[in-house]
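Structure at a glance
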Amino acid sequence: MTAPAAKPTACLALADGTIFMGHGFGATGEVVAELVFNTAMTGYQEIMTDPSYASQIVTFTFPHIGNTGVTEQDDESADPVASGIVVKWDPTEPSNWRSTARLQEWMQRRGRLGMGGVDTRRLTRAIRQQGSPHVVLAHDPAGEFDIPALIARARAWKGLVGLDLAREVSTRQSYRWQEGMWEWPGEFAPLTEPNPFKVVAIDYGAKRNILRSLVAIGADVTVLPATATTEDILAHNPEGVFLSNGPGDPEATGEYAVPMIRDLLDRDMPIFGVCLGHQMLALALGARTVKMSHGHHGANHPVRETKTGKVEITSMNHGFAVDSQTLPEGVAETHVSLFDGSNCGLAVTGRPVFSVQYHPEASPGPQDSNYLFARFASAMRERRDGV
């Protein structure tokens, strides 16, 4: 006699009324967010702890999520920031020498919801065709769900447009960062540069591997909150300023960030921006940003450098983009997405100011674009030498 099918313990309700049922894991409860898909085959822990995923639920196109477990060394922030994850197959027992816990246990301790047993190909197709939907993810071990109420909650959520999330995920106070890149057999290299560059990193939601990448080029990094003023920054006598990645609507964050960046631009200081930092710099220069249909989220995005024609495979996570048609005179578009032609980089002509939309620090992803950190170091070196 065939055993009865297990009762679903998780529900994903889309604002258009579509319902997906599956198996819950991690924490229990409900959460409302924007749903995005990520095409990375590795790095689910780094993705979940990337502050750029605030107020987002991630569905992975790769089915094997959780099979390498988790380790504290791979956290990109103190806690997971993504609201939850949706996967095809339930996470299996981990098999990796670095693993210290199961993904399910880690998510439960950190208060994040998970759902398995979902046709993620169908879900991804819906996102690509209709844009990133507002959803509610619910996990109840008893399998009791008020479907109409979940749909209503998803429809009532206002979404990311106009939402300043950088202030929420940013550090509350300044701190120094001197930990470098991970090295075998499992340690992070310390800063050893005898005369390090003084860099101020503005934390709009900075990943730890970004800070490690700055240390790797010889930078003594001081991290300041997203709301830092020009005076706060100059008090540290920086030789360069880094604008980090982060979540939310760039125009909302720009209300307080753009005036500060414009002040820095007047001082001819090397500036390097990534992701939200790229968008902040563009706004400060006079460009505009737009909300994308489903954004770019993955570790296999091809980007072409306009000057050389070189193609880099990059790691991306953004739902807003700089409108290249609004870049002012004297600001060059340096990189373009080969997926949709959207802007992926800019530079101010004749000045040590540049930024990219993608993540050159990877984690997860390829390291094709790691040279950009060296470019930042060269700009600071030339300024130090008076070139």
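Residues numbered from 1 in each chain as written. Predicted model: local features only at pLDDT ≥ 70, side-chain atom pairs only at ≥ 80, totals over all residues. Heavy atoms only, no water.

Some words on the overall build of the protein
- For the protein, the helix and strand inventory stands at ten helices and 19 strands.
- Against the globule reference of 21 Å for 387 residues, the protein gives a C-alpha radius of gyration of 21 Å, in line with a compact fold.
- Along the first, second and third principal axes, the C-alpha atoms of the protein reach 80 × 45 × 40 Å.
- Across the protein, every contact between residues at least 6 apart in sequence was considered, and the portion connecting residues at least 24 apart equals 75%.
- The average position of the 33 basic charges and that of the 44 acidic charges among the side chains of the protein differ by 2 Å. (Helix = DSSP H or I, 4+ residues; strand = E, 2+ residues; numbered from the N terminus. Rg over C-alpha atoms; globule rule 2.2 N^0.38 Å. Contact = heavy atoms within 4.5 Å. Lys, Arg positive; Asp, Glu negative; His and termini not counted. Charge placed at Lys NZ, Arg CZ, Asp CG, Glu CD.)

Observations regarding unusual backbone geometry
- The linkage connecting tryptophan 184 with the following residue, proline 185, adopts the cis geometry, with an omega of 10°.
- With an omega of 5°, the peptide bond running from serine 363 to proline 364 counts as cis.
- Mapped onto the elements, proline 364 comes out in the loop between strand S19 (353-356) and helix H10 (371-385).
- Positive phi, normally seen in glycine, also occurs at serine 55, with a value near 65°.
- Of note, serine 55 is situated in the loop between helix H1 (44-48) and strand S4 (56-60).

Examining the packing of aromatic side chains
- Taken as a whole, this structure holds five aromatic pairs when the rule is applied.
- An angle of 80° between the planes, with centres 5.3 Å apart, marks the rings of phenylalanine 242 and phenylalanine 272 as edge-to-face. Separated by 30 residues along the polypeptide, phenylalanine 242 in strand S13 (residues 240-243) and phenylalanine 272 in strand S14 (residues 271-274) bring together distant segments of the chain.
- What makes phenylalanine 242 buried here is its relative accessible area of 0%.
- Seen from their ring centres, phenylalanine 272 and phenylalanine 354 are 4.7 Å apart, and the 25° between their planes marks the pair as stacked. Note that phenylalanine 272 is positioned in strand S14 and phenylalanine 354 in strand S19, a separation of 82 residues in sequence. (Phe/Tyr/Trp six-rings, centres within 6.5 Å; stacked < 30°, edge-to-face > 60°. Buried < 20%, exposed > 50% of the residue type's maximum accessible area, 1.4 Å probe, protein only.)

Some points on the state of the cysteines
- Inspection of every chain in the model, using the stated rule, returns zero disulfides.
- Cysteine 344 takes part in no disulfide bond, and the closest cysteine sulfur to it belongs to cysteine 275, at a distance of 10 Å.
- Owing to a relative accessible area of 0%, cysteine 344 belongs among the buried residues under this scheme. (Disulfide = S-S within 2.5 Å.)

Don't take any of this as a statement about function, it's just geometry.
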